[in-house]
Amino acid sequence: MTSPVPVIAPTLAQPSPLATRPAPRNLAEVFWSFTWLALQGFGGVVVVVQRELVEKKRWLTREEFIEEWAVAQVMPGPNVVNLSIMIGDRYFGLRGALAAVAGILALPLVLVLLAALAYAHWATHPAVAGALRGMGVVAAGMIGGMGLKLMPALRQHPLGPVWSGLMALAAFVAVAWWRIPLPWVLLVLGLLACGLTWRKVAP
């Protein structure tokens with residue numbers, strides 16, 4: 001009597017994260033998404049970009065956002081514009097990059113011109129000066145809060161949380177305390193961090 005051949009149920013391959021991740025459907029969605037981001041970005045649009053694209057839309061993971069934001073900072077030009085170019089290019093190539101840049105700049109440019117005209121007229125008013133100081137404090141708090149929110153993602157970095165924290169602390173001390181120009185901080189600490197990371201990941 002022969003033993004029955006066991007029937008092995010076929011296993012379905014797990015879908016890759018990139019295949020299941022939400023993504024913009026077309027160029028119009030890219031344009032209007034970045035327009036909406038720019039209109040929310042009082043005091044620093046990067047905070048809004050992180051919240052909208054990472055937490056709400058989930059077009060990027062926290063780790064991807066940190067990596068692409070780091071590249072955007074070391075490249076010439078406005079950081080947020082550089083970031084929008086990379087995100088638009090990620091999904092639609094050159095057309096996506098142009099749509100993202102148009103969204104981040106077009107309507108806000110009109111509003112900034114109108115605000116400049118109003119500021120030129122009311123700049124000496126004490127209430128306007130006080131409001132601007134208050135917005136500066138809020139902007140600093142928003143950027144600090146975003147940094148704290150992204151810190152858990154550094155656990156996945158090849159350097160680990162300790163070295164990543166030391167690099168972040170060194171950059172903060174160099175810029176905020178010692179007043180070292182940002183290009184020199186990026187050159188020295190950036191090259192050091194790249195070298196240490198390469199040693200960790202190199203075969």
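Right, let's walk through the structure included here. (Residues numbered from 1 in each chain as written. Predicted model: local features only at pLDDT ≥ 70, side-chain atom pairs only at ≥ 80, totals over all residues. Heavy atoms only, no water.)

With that settled, the discussion passes to the overall build of the protein. When helices and strands are counted, the protein shows eight helices and zero strands. Sequence-ordered secondary structure for the protein, helices as α and strands as β, is α-α-α-α-α-α-α-α. Restricting to contacts in the protein with at least 6 residues of sequence separation, those with at least 24 account for 57%. Accessible surface computed for the protein: about 14000 Å², of which carbon and sulfur atoms make up 72%. (Helix = DSSP H or I, 4+ residues; strand = E, 2+ residues; numbered from the N terminus. Contact = heavy atoms within 4.5 Å. Areas by Shrake-Rupley, 256 points an atom, 1.4 Å probe, with all protein chains shown as cover.)

Given 3.6 residues per helical turn, the α-helix brings residues three or four places apart onto the same face. Taking 1.5 Å per residue as the helical rise, helix H8 (residues 182-201) with its 20 residues ought to reach 28 Å, and the 27 Å between its terminal C-alpha atoms agrees with that figure. All of the buried residues in H8 are Val 185, Leu 189 and Thr 197. If you follow the buried residues of H8, they end up packed against helix H7 (160-177). (Expected span 1.5 Å × (residues − 1). Buried < 20%, exposed > 50% of the residue type's maximum accessible area, 1.4 Å probe, protein only.)

What follows covers the side chain of Thr 197. Its location among the elements puts Thr 197 in helix H8. Using a relative accessible area of 18% as the deciding quantity, one classes Thr 197 as buried. Not counting residues within four places of it along the chain, the set of residues in contact with Thr 197 comprises His 157, Pro 158 and Leu 159.

Between helix H4 (residues 62-74) and helix H5 (residues 79-122), the least distance of the axes is 8 Å, while the angle of their chain directions is 125°. By the angle between their axes, H4 is oblique relative to H5. The handedness of the crossing between H4 and H5 is right-handed. Packed against H4, whose contacting residues are Glu 64, Phe 65, Glu 68, Trp 69, Val 71, Ala 72 and Gln 73, the element H5 presents Asn 79, Val 80, Asn 82, Leu 83, Met 86, Ile 87 and Arg 90 at the interface. (Axes fitted to C-alpha atoms, helices over the stretch in contact; angles between N-to-C directions. Parallel < 35°, antiparallel > 145°, perpendicular 65-115°, else oblique. Left-handed = near helix turned anticlockwise from the far one by under 90°.)

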